[in-house]
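# Observations on chain architecture
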Protein chains: 2
Amino acid sequence: MLSHKAKYALKALLYLAEQDENHISRTIEIAEGANIPKKFLEQILLDLKRGRFVSSKQGKFGGYYLIRSKNDITLAEVHRLFDGAIALLPCASLNFYEPCSDCKTEEECSLRHGLMIIRDETLKAMQGITIASLVKK
Amino acid sequence: MLSHKAKYALKALLYLAEQDENHISRTIEIAEGANIPKKFLEQILLDLKRGRFVSSKQGKFGGYYLIRSKNDITLAEVHRLFDGAIALLPCASLNFYEPCSDCKTEEECSLRHGLMIIRDETLKAMQGITIASLVKK
DNA sequence: CTAATTCCTAGTAAATCTATAGAATTTACA
DNA sequence: TGTAAATTCTATAGATTTACTAGGAATTAG
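Procedures and definitions
Residues numbered from 1 in each chain as written. Chains lettered and ligands numbered in written order. Predicted model: local features only at pLDDT ≥ 70, side-chain atom pairs only at ≥ 80, totals over all residues. Heavy atoms only, no water. Contact = heavy atoms within 4.5 Å. Buried area = accessible area lost by both parts, 1.4 Å probe. Salt bridge = Lys/Arg side-chain N within 4 Å of Asp/Glu carboxyl O. Polar contact = N/O pair within 3.5 Å; in protein donor to acceptor, adjacent residues only side chain to side chain. Nonpolar A, V, L, I, M, F, W, Y, C, P; charged D, E, K, R; others polar. Buried < 20%, exposed > 50% of the residue type's maximum accessible area, 1.4 Å probe, protein only. Helix = DSSP H or I, 4+ residues; strand = E, 2+ residues; numbered from the N terminus. Arc of directions from axis to C-beta. 1 Å grid on protein atoms, 1.4 Å probe; cavity = no way out; pocket = protein on both sides within 12 Å on 5 of 7 lines; lining within 4 Å. Points joined across faces, edges and corners; volume = space filled by probe spheres on them. Near = heavy atom within 4 Å. Least-squares fit on C-alpha atoms with pLDDT ≥ 70 in both. Axes fitted to C-alpha atoms, helices over the stretch in contact; angles between N-to-C directions. Parallel < 35°, antiparallel > 145°, perpendicular 65-115°, else oblique.

Okay, the interface of chain A and chain B next. Each partner contributes residues to the interface: chain A has 35 residues there, and chain B has 36 residues. In total, about 3,300 Å² of surface goes out of reach between chain A and chain B, with carbon and sulfur atoms giving 67% of it. The tally of links between chain A and chain B comes to 0 salt bridges. On inspection of chain A and its partner chain B, the count reaches 3 residue pairs in polar contact (both at pLDDT 80 or more). Residue classes in the side of chain A that touches chain B are distributed as 20 nonpolar, 7 polar and 8 charged.

Written out as structure tokens, the structure is:
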């Protein structure tokens with residue numbers, strides 16, 4: 001399941017994607033428009049900025065705006081930024097790989113192979129859902 | 001990601017699936033065989049029993065055994081028993097549906113449609129992985 | 001200079017997760 | 001009928017994570 005943070009991030013991106021080109025959105029505007037707690041959203045927008053999904057203008061009349069095409073941002077990327085691995089266990093993850101601590105030494109995790117198959121399918125599906133595809137809906 | 005509980009449950013089912021027909025496995029045997037904390041495993045086996053994946057024989061020489069075909073038990077079912085919904089949000093879930101609390105009233109969640117597509121693909125993949133397919137690996 | 005905004009660092013309450021403890025119950029069998 | 005070996009049940013503890021909130025520093029426009 002998605003964390004609230006990831007869900008809010010998606011909704012914030014959706015909000016930004018719906019605005020006119022060149023429009024800069026203040027945090028409070030996004031918070032009210034997308035129904036997200038404002039102080040929590042502040043953190044999320046900073047995370048989105050660090051993840052290079054959005055950029056900001058500071059000071060008076062500042063705010064946030066998308067710096068990537070909404071056709072290009074996939075659910076997989078947002079998931080990875082906020083909720084980490086898409087695979088069901090670290091040992092089956094592409095981007096967050098860690099060996100299982102509880103697997104017998106030197107032996108491969110008995111679940112790994114199956115979980116990699118699931119990861120591949122889930123990833124493919126998540127890469128198919130973009131911010132643009134959600135806006136259009 | 002899977003919880004430890006779900007991971008241990010899968011490993012326990014795998015262990016049981018590898019035993020001879022009619023063999024009854026004690027908790028301690030499964031715990032050592034699959035490298036799972038014994039007391040934690042006790043709870044997990046009771047959950048698996050309540051979920052009708054296994055049954056038990058009490059008392060001396062008691063233990064646990066599968067009551068469903070290993071070809072029939074899918075990762076999707078185990079996930080649902082221990083970790084709940086497969087969908088990324090409750091509003092996109094088949095078995096654990098709940099409306100989004102933060103979506104504007106009467107309006108549908110903007111994420112729901114995309115998340116249902118992902119759920120369908122993930123579910124299909126998870127239904128394709130059985131205990132038997134993991135054992136064979 | 002001031003108002004409005006982003007940016008940064010903490011902190012906190014509640015929930016959840018990962019177990020562990022201890023005792024009650026059930027059963028096989030000598 | 002007593003005992004050992006097992007499941008079953010209830011409670012709880014500690015750690016971690018989640019979902020925020022607080023407060024102020026830094027930045028910018030006019």
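As a further point, take helix H4 (residues 75–83) of chain A. Looking only at H4 of chain A, the buried set comprises Leu75, Ala76, Val78, His79 and Phe82 of chain A. Angularly, the buried residues of H4 of chain A cover 165° about the axis, an arc narrow enough to put them on a single face. The elements touched by buried residues of H4 of chain A are helix H1 (4–18), helix H3 (38–50), helix H5 (112–128) and helix H6 (131–136) of chain A together with helix H5 (112–128) of chain B. Backbone geometry just after H4 of chain A places Gly84 of chain A at a positive phi near 80°.

Residue position: Ile28 of chain A is located in helix H2 (residues 27–34). Along the sequence, Ile28 of chain A and Arg80 of chain A sit 52 residues apart, while their C-alpha atoms lie 26 Å from each other.

Turning our eyes to something else, we now look at the pattern of salt bridges. Oppositely charged side chains may form a pair once their charged atoms are brought near each other. Taken as a whole and assessed by the stated rule, the structure comprises 16 salt bridges over all chains. A salt bridge links Asp47 of chain B to Arg50 of chain B; the nearest nitrogen and oxygen atoms lie 3.0 Å apart. Of this pair, Asp47 of chain B and Arg50 of chain B are both found in helix H3 (residues 38–50), 3 residues apart, which corresponds to roughly one turn of the helix. Judged by its relative accessible area of 61%, Arg50 of chain B falls in the exposed class. Bridged by salt links that share partners, the residues Lys5, Asp47 and Arg50 of chain A form one connected network.

A few words now on empty space enclosed by the protein. Residue and element names in this part refer to chain A. Enumeration according to the criterion identifies 1 cavity of 30 Å³ or more in this entry. The space that makes up the largest cavity amounts to roughly 30 Å³. As for the largest cavity, its lining consists of Arg80, Ala85, Ile86, Ala87, Ser93, Leu94, Asn95, Phe96 and Arg119. Its residues assigned to classes, the lining of the largest cavity shows 5 nonpolar, 2 polar and 2 charged.

The next thing to look at is the protein's contact with DNA strand D. Taken together, 27 residues lie near DNA strand D, and Lys39 of chain A together with Arg26, Lys49, Ser56 and Tyr64 of chain B sit nearest. Counted by atom, the contact set of DNA strand D within 4 Å of the protein is 68% sugar and phosphate. Side-chain polar atom of Tyr8 of chain A to a phosphate oxygen of DNA strand D: 3.1 Å apart, as the coordinates give it. In the model, a base oxygen of DNA strand D is placed 3.2 Å from a nitrogen or oxygen of the Lys60 of chain A main chain. Going through the elements one at a time, H1 and H3 of chain A together with H3, strand E1 (54–57) and strand E2 (63–66) of chain B are the ones with two or more residues in the surface near DNA strand D. Residue contributions to the surface near DNA strand D peak at 5 residues, all from H3 of chain B. In terms of residue class, the surface near DNA strand D is built from 6 nonpolar, 12 polar and 9 charged.

The two copies are related by a screw motion: chain A maps onto chain B through a turn of 180° and a shift of 0.0 Å along the axis, at an RMSD of 0.0 Å. Within this description, the copies of the chain are treated as partners about a two-fold rotation axis. Among all residues of chain A, the minimum C-alpha distance to the rotation axis is found for Thr122 of chain A, at 2.5 Å. Most of the interface of chain A is mirrored in chain B: 100% of its interface residues are interface residues there too.

All names here are of chain A. H2 packs onto H1 with a crossing angle of 105° between their chain directions and a minimal axis gap of 10 Å. When the axes of H1 and H2 are compared, the pair comes out roughly perpendicular. From H1, Lys11, Ala12, Tyr15 and Leu16 reach across to H2, where they touch Glu29, Ile30, Gly33 and Ala34. Looking at side-chain class alone, the contact of H1 with H2 contains 5 nonpolar, 1 polar and 2 charged residues.

Moving on, we come to the protein's contact with DNA strand C. Around DNA strand C, a shell composed of 28 residues is seen, among which Lys49, Ser56 and Tyr64 of chain A together with Lys39 and Gln43 of chain B lie nearest. Protein-adjacent atoms of DNA strand C, using a 4 Å cutoff, are sugar or phosphate at a proportion of 67%. Measuring from a phosphate oxygen of DNA strand C, one finds a backbone N or O atom of Thr27 of chain A at 2.8 Å. Measuring from a phosphate oxygen of DNA strand C, one finds a side-chain N or O atom of Tyr8 of chain B at 3.0 Å. Going through the elements one at a time, H3, strand E1 (54–57) and strand E2 (63–66) of chain A together with helix H1 (4–18) and H3 of chain B are the ones with two or more residues in the surface near DNA strand C. It is H3 of chain A that contributes the most residues to the surface near DNA strand C, 5 residues altogether. Partitioned by chemical class, the residues of the surface near DNA strand C number 6 nonpolar, 12 polar and 10 charged.

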